[in-house]
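# Observations on chain architecture
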Amino acid sequence: MKFVLGGNWKLQINTIEDTITTLRDMTSKFGTQQIDGVEIFLALPFTLLSLAKEELKGSTIQLAAQNVASTEKGAYTGEVSVESLVELDVEYVLVGHSERRIIFGEKGPELNKKMKLLLEHNLKPVYCVGETAQQRQSGLFDEVISQQLAEGFEGITEDALSEIIIAYEPVWAINNPELNPGIEIQAATPEQAIDAHKFIRSWFVTNYSDDAASRLIIQYGGSMKPSNAETLLSQSDINGGLIGGASLRSETLGPIVDIAVKLLS
Ligand code: 13P
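Our subject in this report is the structure included herewith. (Residues numbered from 1 in each chain as written. Predicted model: local features only at pLDDT ≥ 70, side-chain atom pairs only at ≥ 80, totals over all residues. Heavy atoms only, no water.)

### Let's talk about the site of the ligand
Selection rule: Near residues are defined by distance, with any heavy atom within 4 Å of the molecule or strand qualifying the residue. In the analysis that follows, any N or O atom pair within 3.5 Å is treated as a polar contact, provided that within protein one partner can donate a hydrogen and the other can accept it, and provided that, for residues neighboring in sequence, both atoms belong to side chains. Method for areas: the Shrake-Rupley scheme with a 1.4 Å probe, in which residue coverage is limited to the protein chains shown. Three residue categories are used. Nonpolar comprises Ala, Val, Leu, Ile, Met, Phe, Trp, Tyr, Cys and Pro, charged comprises Asp, Glu, Lys and Arg, and polar comprises the others, including Gly.
Taken together, the neighbourhood of the ligand is formed by N8, K10, H97, E169, A173, I174, N175, G222, S223, L242, G244 and G245. At a separation of 2.8 Å, an oxygen atom of the ligand approaches a polar backbone atom of S223. Between G244 and the ligand, the recorded distance is 2.9 Å, taken from a backbone N or O atom to an oxygen atom. For the ligand, whose free accessible area comes to 310 Å², the fraction covered by protein is 96%. Here the residues of the shell around the ligand are counted per class, giving three nonpolar, seven polar and two charged.

As structure tokens, this is what we get:
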């Protein structure tokens with residue numbers, strides 16, 4: 001068994017000083033020794049990746065980006081190229097986070113281009129899927145998730161699957177009031193998460209193979225914190241977490257790492 005724990009800093013830690021303080025604190029607490037079976041990455045804002053590359057030298061914490069341009073090069077104002085991420089020793093790149101899909105209008109075909117571009121450059125996509133509260137209430141869970149997967153994985157070979165992580169992040173569980181107006185935000189129950197993860201894995205059985213599906217890392221994301229991480233991570237279909245708010249401080253990320261280590265022992 002293996003866990004991949006990813007921190008998504010979003011636009012929450014934005015200065016050099018705060019980044020240095022936070023990374024030094026985290027590396028000293030859980031980033032110096034290789035932990036068998038647990039991988040940790042942090043997805044920082046683009047402008048802080050260069051600094052983080054230096055700070056994380058010699059650490060086991062890996063660097064991730066929150067997005068990438070869908071085109072390699074050209075007249076695309078405001079975009080960040082895959083080549084730049086390669087130079088910065090980025091390992092993982094989030095693709096299609098709900099905040100990108102819903103707030104910035106990113107669509108399936110563009111996300112598919114990003115997936116292919118990242119794979120061509122040996123970067124690992126973390127492909128995010130998730131339904132809104134309204135879609136769930138309307139019984140559209142299967143349809144929404146299947147469509148997001150079909151769009152993202154169009155033309156992607158089975159060989160590439162070992163380089164890709166799926167993050168299941170129900171939109172209604174993401175601690176973001178802008179995505180969830182008028183909704184009480186709370187993490188999925190273990191039962192809800194298990195059902196969703198099983199559904200996602202079965203999609204890969206149908207569209208790829210039993211073998212590829214069983215090896216796939218599927219992270220759960222949405223209000224994961226020390227108090228609920230153990231029940232979520234102890235489910236066999238949940239292979240890690242994509243963690244927002246709780247990844248901003250060692251005091252909350254550290255205990256989640258400890259839980260993963262404990263579950264492996
Ligand atoms: P929270 O853990 O803050 O709910 O964020 C989840 C998320 O969106 C991670 O990508």
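On we go.
### With respect to the nonpolar core
Spelled out, the test is: As used here, the term nonpolar core means buried Ala, Val, Leu, Ile, Met, Phe, Trp, Tyr and Cys residues forming a set that is joined through side-chain atoms within 4.5 Å. Each residue is assigned to one of three classes by its accessible area relative to the maximum for its type, calculated with a 1.4 Å probe on protein chains only: buried under 20%, partly exposed between the two thresholds, exposed over 50%. It only takes one pair of heavy atoms within 4.5 Å for two residues to be counted as in contact.
In this structure, L149, F153, I166, F204 and Y220 are the most contacted members of the largest nonpolar core, which totals 73 residues. Among residues more than four places away in sequence, those in contact with F153 are N112, M115, Y127, L161, I164, I166, W203, F204 and Y208. Counting residues in each nonpolar core, the second largest holds 12 residues, with A64, V126, C128 and A167 among its members.

### Remarks on the side chain of D237
Condition: Starting at the N terminus, helices and strands are each numbered in turn, a helix being any DSSP run of H or I of at least four residues and a strand any DSSP run of E of at least two.
Structurally, D237 can be placed in the loop between α10 (226-233) and β8 (240-243). Given the relative accessible area of 12%, D237 is considered buried. A distance of 3.1 Å separates polar atoms of two side chains, one belonging to D237 and the other to K198. In contact with D237, other than residues within four places in its own chain, are H197, K198, R201 and I218.

### Focus: the pattern of salt bridges
Just so we agree on the cut-off: One speaks of a salt bridge when a side-chain nitrogen belonging to Lys or Arg is within 4 Å of a carboxyl oxygen belonging to Asp or Glu.
On inspection of all chains with the given rule, the structure shows 16 salt bridges. Close ionic contact of E91 with K124 constitutes a salt bridge, the shortest N to O distance being 3.5 Å. Of this pair, E91 sits in the loop between α3 (82-87) and β4 (92-95) while K124 is found in strand β5 (residues 124-129), placing the two residues 33 residues apart along the sequence.

### Things to note about the side chain of S59
When you line up the elements, S59 lands in the loop between α2 (49-55) and β3 (61-65). From its side chain, S59 meets the backbone nitrogen of I61 in a polar contact 2.9 Å long. Beyond its immediate chain neighbours, meaning those up to four positions away, S59 contacts T27 and G31.

### Re the sheet that holds β8
Selection criterion: Two strands make a pair as long as DSSP finds a minimum of two bridges between them. Lines are fitted to the C-alpha atoms to define the axes, a helix being fitted only along its stretch in contact, and any angle between axes, read from their N-to-C directions, falls within 0 to 180 degrees.
Pairing is parallel around the closed barrel formed by eight strands, whose spatial order is β1-β2-β3-β4-β5-β6-β7-β8. On average, each strand axis in the sheet is inclined to that of its neighbour by 25°, with strand direction left out of account. Where strand β7 (residues 217-221) and β8 come together, two bridges link them in parallel fashion. Of the residues in β8, the one forming a bridge with Y220 is G241. Packing of helix α8 (residues 190-207) onto the sheet brings it into contact with β5, β6 (165-168) and β7, and relative to β7 it is tilted by some 150°.

### Description of the packing of helix α7 (residues 141-152) against α8
As a reminder of what qualifies: We call two directions roughly parallel when the angle between them is under 35 degrees, roughly antiparallel when it is over 145, roughly perpendicular when it lies between 65 and 115, and oblique otherwise. Left-handed describes a crossing whose near helix is turned anticlockwise from the far helix by less than a right angle; the clockwise case is right-handed.
Running from amino to carboxyl end, α7 crosses α8 at an angle of 45°, the nearest separation of the two axes being 11 Å. Taken together, the axes of α7 and α8 lie oblique to each other. Relative to α8, α7 is oriented so that their crossing is right-handed. Between α7 and α8, the residues in contact are F141, D142, I145, S146, L149 and A150 and A196, F199, I200, W203 and F204, respectively. Its residues placed into classes, the contact of α7 with α8 shows nine nonpolar, one polar and one charged.

### So, the pairing of β6
Note on strand geometry: in a regular strand, side chains alternate between the two faces of the sheet. Burial of the side chains of β6 extends over both faces: I165 and A167 are buried on one face and I166 and Y168 on the other. Of the strand pairs in this sheet, β6 and β7 are connected by four bridges, and their pairing is parallel. Along β7, the bridge assignment pairs Y168 with Y220.

### Here we look at the pairing of strand β1 (residues 3-8)
For β1, the buried fraction is high: six of the six residues fall into the buried class. On β1, burial covers both faces: F3, L5 and G7 on one face and V4, G6 and N8 on the other are all buried. Direction of pairing for β1 relative to strand β2 (residues 38-44): parallel, over a ladder of six bridges. The partner of F3 across the bridge, within β2, is V38. Relative to β8, β1 runs parallel, the two being bridged by four bridges. Pairing of G7 across the sheet is with I243, part of β8.

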